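# Geometric and topological summary
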Amino acid sequence: MTVLKHFVALCALLLLAGCASLQSSASPQDPYEPINRKVDVFNQFVDTMFLKPAARAYVAVAPAAVQVGVGNFFGNIGDGYSFVNSLLQGKHEKASGDLSRVFVNTFFGFGGLVDLGTPLGYERGEEDFGQTLGHYGMKSGPFLMLPLFGPSSVRDAAGLLPNFAFDPVSKLASSASANNTLRALRILDTRAALLPTEALLQSAALDRYTFLRSAYLQRRQNLVYDGKPPKDD
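Residues numbered from 1 in each chain as written. Predicted model: local features only at pLDDT ≥ 70, side-chain atom pairs only at ≥ 80, totals over all residues. Heavy atoms only, no water.

Attention now goes to the environment of Leu 144. By the secondary structure assignment, Leu 144 is in strand β1 (residues 143-146). In this structure Leu 144 comes out as buried when scored by relative accessible area, which is 9%. In this structure the C-alpha to C-alpha distance between Leu 144 and Val 39, which are 105 residues apart in sequence, comes to 9.3 Å. (Helix = DSSP H or I, 4+ residues; strand = E, 2+ residues; numbered from the N terminus. Buried < 20%, exposed > 50% of the residue type's maximum accessible area, 1.4 Å probe, protein only.)

Another aspect to go through is the confidence of the model for the protein. For residues with low pLDDT, the predicted coordinates do not support detailed interpretation. When pLDDT is averaged across the protein, the result is 86; 87% of the residues are at 70 or more. Confidence, read as mean pLDDT per element, is least for helix α1 (residues 2-20) in the protein (43) and greatest for β1 (97). Low pLDDT, under 50, characterises residues 1-24; the stretch is placed with 24 contacts to residues that sit more than four places away or in other chains. (pLDDT = per-residue confidence, 0-100. Contact = heavy atoms within 4.5 Å.)

With that out of the way, let us pick up the packing of aromatic side chains. In the structure shown here, the tally under the stated rule is six aromatic pairs. Summarising the aromatic geometry, the rings of Phe 103 and Phe 108 are spaced 6.1 Å apart at their centres and angled 70° between planes, so their arrangement reads as edge-to-face. For Phe 103, a relative accessible area of 46% gives the class partly exposed. Through pairs of rings, three or more aromatic residues link up here, namely Phe 103, Phe 107 and Phe 108. (Phe/Tyr/Trp six-rings, centres within 6.5 Å; stacked < 30°, edge-to-face > 60°.)

Turning our eyes to something else, we now look at the nonpolar core. Ala 55, Tyr 58, Ala 62, Val 70, Phe 74, Ile 77, Val 169, Leu 182, Ala 192 and Leu 195 form the largest nonpolar core, which has 10 residues in total. Mapped by element, the contributors of at least two residues to this core are α2 (33-61), α3 (64-88) and α7 (176-194). In terms of residues, this core owes the most to one element, α3, which gives three residues. Once you skip the residues sitting within four places of it in the chain, Val 169 turns out to touch Phe 74, Ile 77, Asn 179, Leu 182, Arg 183 and Arg 186. (Core = buried A, V, L, I, M, F, W, Y, C linked by side-chain atoms within 4.5 Å.)

Attention now goes to the packing of α3 against α7. Taken N-terminus to C-terminus, the directions of α3 and α7 make an angle of 110°; their axes are 10 Å apart at the nearest point. Considering their axes alone, α3 and α7 lie roughly perpendicular with respect to each other. Facing α3, whose interface residues are Gln 67, Val 70, Gly 71 and Phe 74, α7 presents Leu 182, Leu 185, Arg 186 and Asp 189. Taken together, the residues of the contact of α3 with α7 break down into four nonpolar, two polar and two charged. (Axes fitted to C-alpha atoms, helices over the stretch in contact; angles between N-to-C directions. Parallel < 35°, antiparallel > 145°, perpendicular 65-115°, else oblique. Nonpolar A, V, L, I, M, F, W, Y, C, P; charged D, E, K, R; others polar.)

Our next topic: helix α9 (residues 208-224). Because each turn of an α-helix spans 3.6 residues, side chains separated by three or four positions end up pointing in the same direction. Taking 1.5 Å as the rise per residue, α9 with 17 residues should run 24 Å; its terminal C-alpha atoms sit 24 Å apart, in good agreement. Structurally, the start of α9 carries an N-cap: the backbone nitrogen of Tyr 209 is 3.2 Å from a side-chain oxygen of Asp 207. Phi turns positive, to about 55°, at Asp 226, one or two residues after α9. (Expected span 1.5 Å × (residues − 1). Polar contact = N/O pair within 3.5 Å; in protein donor to acceptor, adjacent residues only side chain to side chain.)

Following this line, the structure appears as structure tokens:
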């Protein structure tokens, strides 16, 4: 819970700093652009110095089968989140598919290391608490660039709080060191999965920050409305 308190305090300080240094923004969805850009520079520094080298070393050292198993394991946890949020949104068919996928992969896929759900027709779910808030009418709010977490919004940042509070990874191991190892492995797996997209980002974006902001907001809008967002006024 200490980490959660620090995260909430940090977000509050960023919002206050953004209000204090508010300047004109090219996007009405990004009133905190000056401070967001500074956070993005910080994130790029951390990524360049620590995360990217660690992810590249992980890809180089770990056998492909291990990488696939690790990705499946954490993906199975994500499917559990998707099930809960599909249920909260009243999407019973999606919830049934998510639950079936978790059941099959957990009990017949060695705890989620093997993905048996996809060949059986159970597609991986993508529902999260930020989408649940959007489903019930909460607007996205201003775009935020969160330290270490990257692109987000006020709504999606609020959606992160239940993820911290009910993170099953913290209950999988009996010691703090084992929990920290699992969390570090999840970060490595997530960062390694993004390595192939870097060339596309660098070639497509004249302004990396603007590209990330636009891509993030459009994707989240599509997810909230299941690919059928309403037309802008």
